[in-house]
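This is what each chain is made of:
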Amino acid sequence: MTRLGVTDIRRFRPAGVSGIGHDLDAERGRVVAALEVLLRRRAVGVSWSGAASASAADRYGWIVVRLQDVAARIGVTTAAVVRAAARMQAALDLVRRAERRAEREGAWVDFDGRLVLPARPTSGDTVLLAVRARADELLALEVRRTLLEAEREADATDVELARVIVAAARAAVDPGVVGLRALPPPPASPTWWSPGPTGSGTELPVPACSSSGSWPAAVCPDAQPSVDLPFASAAWWRGLIAEERAWAIREHPQWVGPRDGLPARARHAANLALLAEAERAASVRLRQAIAEATPWNATERTEAQERVDDLRAIRDVLARRDGVERSLLLVDARGRNVKAIVALGDVDGAQHVATFVGGLSTTVRGDLGRYDTTFARMRKEAKAVAGAGDVAVVTWLGYEAPQMHEIVTARRSVLSGEVARDNADELAAFANGLDAARDRPAHQTWWAHSYGAVLAGRALLLRSGVDDVALFGSPGEPFARIEETGLKPGALNVIRAPWDLVASSGWLVHGTPATWVTGATWLAATKPAGANGWTSASGHSDYLSAGTVSEHNLVAVAAGRPDLVVRVSHAERAADPRWGDLAPLL
Amino acid sequence: MRRRVEPDAVADDAGGVERAGRLLAGVRVGAALGPLASFLPGGQVARCLAESRSEWDRQVASVAREVGALADGLTATAAGYTEVESVVARHLGGHG
């Protein structure tokens, strides 16, 4: 093995090596941009079905995995190069230090690292001569030791970098041996992170086109609305090496936890940290509100207690030990009410994923536990009819649902579509993120109840990866024909129970009654004549009850079994007046 | 077997995949690594660099070819279905 000497170290150009790190990062950015384009393309690839389409989907998945691997290995190489640049600089600094040490004694270090002493007086005071000789010996020793350390550092750097470069190129990399460097920030973050020369970060303004963080604007795809952001996020995550991912979760959980497009396991880990942080803040706020209790801060005390209750409800659900895997995909305590998304089952791997969207007066503290219990049961039923494929169910409380006391609040009233309009992109982005995080998209269903159906209706007007939708107890939709939604024939399902006054009258303020949408499939809530084993759902809040026909239909849609649904009877359809169940009252 | 095809949408997919292929065609990992030999001379890095660079070029080209093949496949799919549609329409009296 050739050892590097001082001569070689003097030829080191660490700034140039650092520049190579930046160039490699730009190359990784190009791969990530290509990955992003493919992920986005794949998600809209519902335009074709059949055996050949399945083969194309497999090919998509295979290429995505390969590109992810290439991007990660470029990342490993980049990390090793940037680290090597710092270590090369350290070796050079040691040589300079030896030179300065020699200069202080009137000596010098030549190009090859030999210490050259000046001619010293050979006569005179013998004591002084002895002192001089001893000082020169110490000088030689120190210079030699320093230069040896420089050579050792240079050698180790060279060997390590060579090993990583070869391994990364041969797809046999072990990222664990590579020192972590600053990683590119996630797309559309408020600032982008640029590694300084010593690895410390500097915050820079966001460039005009920064969908892929610090990667070059030249490779940025078109500007993206928020529903497309998950594809950029998925590409960013796939381009990180394992250490960078772990670091992002540990140091920047807010980058990971709420970010659609990232795997559930990563989001869950980050959200646990964010949940703990929110719990601490909520606890402090409540203690403070109680300590300062006056007749005038009753509202603050109530809100502080509700915040604690919201977070406790999440903690309680996650603590359930019923053999079902749960993932916390969002905890957002920035608003008046906490937002949360909890998944039952493996959303990254299950063939079918159903996402429930709650409606009027839904809150985390009041409803999450109840929904979790209900959906654990419905998931089990869906798995039983889905055949070989697994099923996951998500409770999506990812928006602040309108509350009863807000009915006279202009922008928050359940009588207005504003809350739905403002949050529709969050639901569409969530669906896109689920697909983008996976190697192959899932069969996705939305179960949308009450005002949640208004929100889902708005989301259907956006680009999303949802395949089937079941709107139940919908007060009205912002479209009149299925063509406006981009759903395939048979994918838009509507359920309306007798005496559901919200579904009967909501269209007065929310648009077309869901049962009137051309192309929608109307599913039964009433037990068909002669059918045994089911009960009828009635009113606005009975659709999910165990054993009802509506529950059976929701399960069948989510399991991808349209052959099992029970359609509304012709008699019931023919008897549907525009005024629904309100007719006798008017 | 029941099939559902939207040839225009498949053609759009092909266009998107082609775009990804163009981005990959611009990836130059080997070239980016090239100057390492002169910035860190005399050691193992300098000796192994040529092999690593060519390995990177080979792999990137390989995955770019795969992407190109997918784009070609999608393009052929869209064209094939469109052709079948127009041939059948022509044979049955030009009502297509």
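Residues numbered from 1 in each chain as written. Chains lettered and ligands numbered in written order. Predicted model: local features only at pLDDT ≥ 70, side-chain atom pairs only at ≥ 80, totals over all residues.

Draft legend 1. Seen up close, the overall build of chain A. Broken down by element type, chain A carries 16 helices and 13 strands. Counting every position in chain A, which comprises 586 residues, the buried fraction comes to 51%. Nonlocal contacts in chain A, meaning residues at least 24 apart in sequence, comprise 72% of its contacts between residues at least 6 apart. (Helix = DSSP H or I, 4+ residues; strand = E, 2+ residues; numbered from the N terminus. Buried ≥ 20, exposed ≤ 12 C-beta atoms within 10 Å, placed from the backbone. Contact = placed C-beta atoms within 7 Å.)

Draft legend 2. Up close: unusual backbone geometry. Residue and element names in this part refer to chain A. The phi dihedral of S450 falls on the positive side, at around 55°, and the residue is not glycine. With respect to the helices and strands, the residue S450 is situated in the loop between β10 (443-449) and α12 (451-460). At W499, a position not held by glycine, the phi torsion is positive, near 65°. Among the secondary structure elements, W499 is positioned in the loop between β12 (492-495) and α13 (501-505).

Draft legend 3. How the structure looks around the packing of helix α10 (residues 364-386) of chain A against helix α15 (residues 549-558) of chain A. All names here are of chain A. For the pair α10 and α15, the least separation of the axes is 9 Å and the interaxial angle reads 55°. Classified by the interaxial angle, the pair formed by α10 and α15 is oblique. The chirality of how α10 crosses α15 is right-handed. Of the residues in α15, those touching α10 at M378, E381, A382 and V385 are E551, L554, V555, A556 and A558. Its residues placed into classes, the contact of α10 with α15 shows seven nonpolar, no polar and two charged. (Axes fitted to C-alpha atoms, helices over the stretch in contact; angles between N-to-C directions. Parallel < 35°, antiparallel > 145°, perpendicular 65-115°, else oblique. Left-handed = near helix turned anticlockwise from the far one by under 90°. Nonpolar A, V, L, I, M, F, W, Y, C, P; charged D, E, K, R; others polar.)

Draft legend 4. Representation of α15 of chain A in the model. Residue and element names in this part refer to chain A. Of all 10 residues making up α15, 10 are buried, and the element is well covered by its neighbours. The complete set of buried residues in α15 reads V549, S550, E551, H552, N553, L554, V555, A556, V557 and A558. Just beyond α15, the residue with positive phi is G560, at close to 70°.

Draft legend 5. Quick look at the confidence of the model for chain B. Residue and element names in this part refer to chain B. Confidence in the prediction of chain B, expressed as mean pLDDT, is 89, and 94% of residues score 70 or more. Per-element mean pLDDT across chain B ranges from 74 in strand β1 (residues 4-5) up to 96 in helix α2 (residues 29-33). Interface confidence for the predicted complex, given as ipTM, is 0.91, next to a pTM of 0.72. (pLDDT = per-residue confidence, 0-100.)

Draft legend 6. Quick look at the pairing of strand β8 (residues 352-357) of chain A. Residue and element names in this part refer to chain A. When you tally the buried positions in β8, you get six out of six residues, the bulk of the element. Every second residue of β8 is oriented toward a common face, with H352, A354 and F356 on one face and V353, T355 and V357 on the other, all of them buried. Bridging between β8 and strand β9 (residues 391-397) involves six bridges; their strand directions are parallel. If you follow V353 over to β9, its bridge partner there is A392. In this view, the connection linking β8 to its parallel neighbour β9 by way of α10 has right-handed handedness. Where β8 lies against β10, six bridges are found, and the strand directions are parallel. Counted as the bridge partner of T355 is W446 from β10. (Pairing = 2+ DSSP bridges. Right-handed = clockwise from strand over helix to strand, strands pointing away.)

Draft legend 7. Highlighting the domain arrangement of chain A. Residue and element names in this part refer to chain A. Taken domain by domain, chain A comprises domain 1 (6-177) and domain 2 (341-579). Look at where the C-alpha atoms of domain 1 and domain 2 centre, and you get two points 55 Å apart. Across the contact, nine residues belong to domain 1 and 10 residues belong to domain 2. Mapped by element, the contributors of at least two residues to the side of domain 1 that touches domain 2 are α2 (14-43) and α3 (51-104). No other element matches α3, which puts four residues into the side of domain 1 that touches domain 2. Along the lines of polarity and charge, the residues of the side of domain 1 that touches domain 2 split into seven nonpolar, one polar and one charged. (Domains from an automatic or database assignment.)

Draft legend 8. Highlighting the environment of A64 of chain B. All names here are of chain B. With respect to the helices and strands, the residue A64 is situated in helix α4 (residues 44-91). By C-beta crowding, A64 is classed as buried, having 20 other C-beta atoms within 10 Å. Separated by 46 residues in the primary sequence, A64 and E18 have C-alpha atoms spaced 9.8 Å apart. Non-local contacts of A64, meaning those with residues more than four positions away in its chain, are made with G21, L24 and A25.

Draft legend 9. Quick look at the nonpolar core. Residue and element names in this part refer to chain A. Judged by nonpolar contacts, the single largest core of 189 residues is most densely connected at L455, A456 and V469. No other element matches the 22 residues that α3 contributes to this core. Both domain 1 (6-177) and domain 2 (341-579) contribute no fewer than three residues apiece to this core. Those residues in contact with L455, other than ones at most four positions away along the chain, are V357, Y399, A420, N423, A424, L427 and A448. (Core = buried A, V, L, I, M, F, W, Y, C linked by C-beta atoms within 7 Å.)

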